[in-house]
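Okay, here's what each chain looks like letter by letter:
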Amino acid sequence: MDLDKLQNQLSTLRAETTTAIAGVVTMDELRRLESQTTGKTGALGAWMATIKEFPPEQRGQVGKTLNQAKGELTKLFKDAGEKIKAGAAAAEASKASSYDPTLPGIRPPVGSFHPVTLVQLQVEAVFQRLGFLIETGPEMESEHYNFEALNIPKLHPARDMQDTFWLTNGKLLRTHTSPVQVRAMERHGTPLRVIAPGRCFRYETIDASHENTFHQVEGLMIDRNISIANLIAMMKLLLREVFSQELSIRLRPGYFPFVEPGFEMDMSCLICGGGGCATCKQSGWIEILPCGMVHPNVLRAGNIDPHEFTGFAFGLGLTRLAMMKYGVADIRGLNSGDLRALVPAGRISGTTVAEKPPC
Ligand code: DAH
């Protein structure tokens, strides 16, 4: 072994140590590396052990060289250690400064919404954007508005389609929200855009899909030149907004005395995607929106000239819609008062079909 070779190897060790230190992140790693380099059993320690292999006259010089190398390496580790500690302190400081104890806390959302309330709010928001008024007629209604003004005179067979709760005062519990149509025509005249959400009642035997108390939203738009195309566009928009997706729809003829022509609007079944399942009775379609062009007799009942104005109307089953949207299989869960039917307030924004209340 000679001195030149030792010096060469020490400068290689120095270079390698500098590179290794640059890659170290934590103090633990640094200490480990330091002991492997300058520790007794490390690379430098091994060199120290070779002093006695040098000729006696060179040993002094070798010792000096090795000590100098050790000093340099120790300084490298000391500097690196200070850098790591400073970095950790800075990170702590910035964490501490981003916490402002004077800021008010974030109030967790509390309370819950009934699925029917939720879809009603959504439907109202869609139509309000389109300039529709929101009306609410009385739940205790007269025979005139519930039937006669809607082109359903006494003894008309269509009265049998809506089993009615008659009251002892000669009035009735409205069987649908359609009576608000003529009330709104009388109140606001033309042109008219109005929706009327509300509770309806029918003398029904209750089962999984029938209730004696349910919710509808009536819609009515009257102006010059209103056509079926306007009706379809509006209904498509409504379903797209409520279900947050583009749905296929289809129109079938449907009979309602207060519209001519009248339609049943179906939408593609959300449960099976149109392939057929128990919910859609294997048809791939769900009956969702009865609608049509307002019958001239109804316009006349509301003091509107059917030669000058036309309009469309629809009667959306809100309860049905809520069941579809939130996957509620049994209608009885909705009026039972069971709190599990409610949708927690925190889940309101972005509610989707997948989010099912547990009822
Ligand atoms: N009122 C009807 C019912 O409850 C639903 C309805 C059908 C409303 C057609 C409409 C309509 O406005 O155009 O059965």
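Scroll up for the structure.
Rules and cut-offs
Residues numbered from 1 in each chain as written. Predicted model: local features only at pLDDT ≥ 70, side-chain atom pairs only at ≥ 80, totals over all residues. Heavy atoms only, no water. Helix = DSSP H or I, 4+ residues; strand = E, 2+ residues; numbered from the N terminus. Buried < 20%, exposed > 50% of the residue type's maximum accessible area, 1.4 Å probe, protein only. Pairing = 2+ DSSP bridges.

A. Expanded view of unusual backbone geometry. Going from Thr-190 to Pro-191, the amide bond is cis rather than trans, its omega being -15°. With respect to the helices and strands, the residue Pro-191 is situated in the loop between α7 (179–188) and β5 (192–201). Cis geometry is found at the peptide bond from Glu-260 to Pro-261, where omega equals -5°. Relative to the assigned elements, Pro-261 resides in strand β8 (residues 259–268). Backbone geometry at Leu-155 places phi at a positive 70°, although glycine is not the residue there. Here Leu-155 lies in the loop between α6 (143–146) and β4 (172–173). For Ser-244, which is not glycine, the phi dihedral falls at a positive 55°. Looking at where Ser-244 falls in the secondary structure, it is placed in the loop between α8 (228–243) and β7 (249–253).

B. Region of the structure containing the pairing of β5. Of all the 10 residues making up β5, eight are buried; the element is thus mostly covered by neighbouring parts of the structure. Sheet topology note: the strand β2 (residues 133–134)/β5 ladder contains two bridges and is parallel. Residue pairing in the sheet places Ile-134 in a bridge with Ile-195 of β5. The pairing of β5 with strand β6 (residues 213–223) spans 10 bridges and is antiparallel. Note that in β6 the partner of Leu-192 across the bridge is Ile-222.

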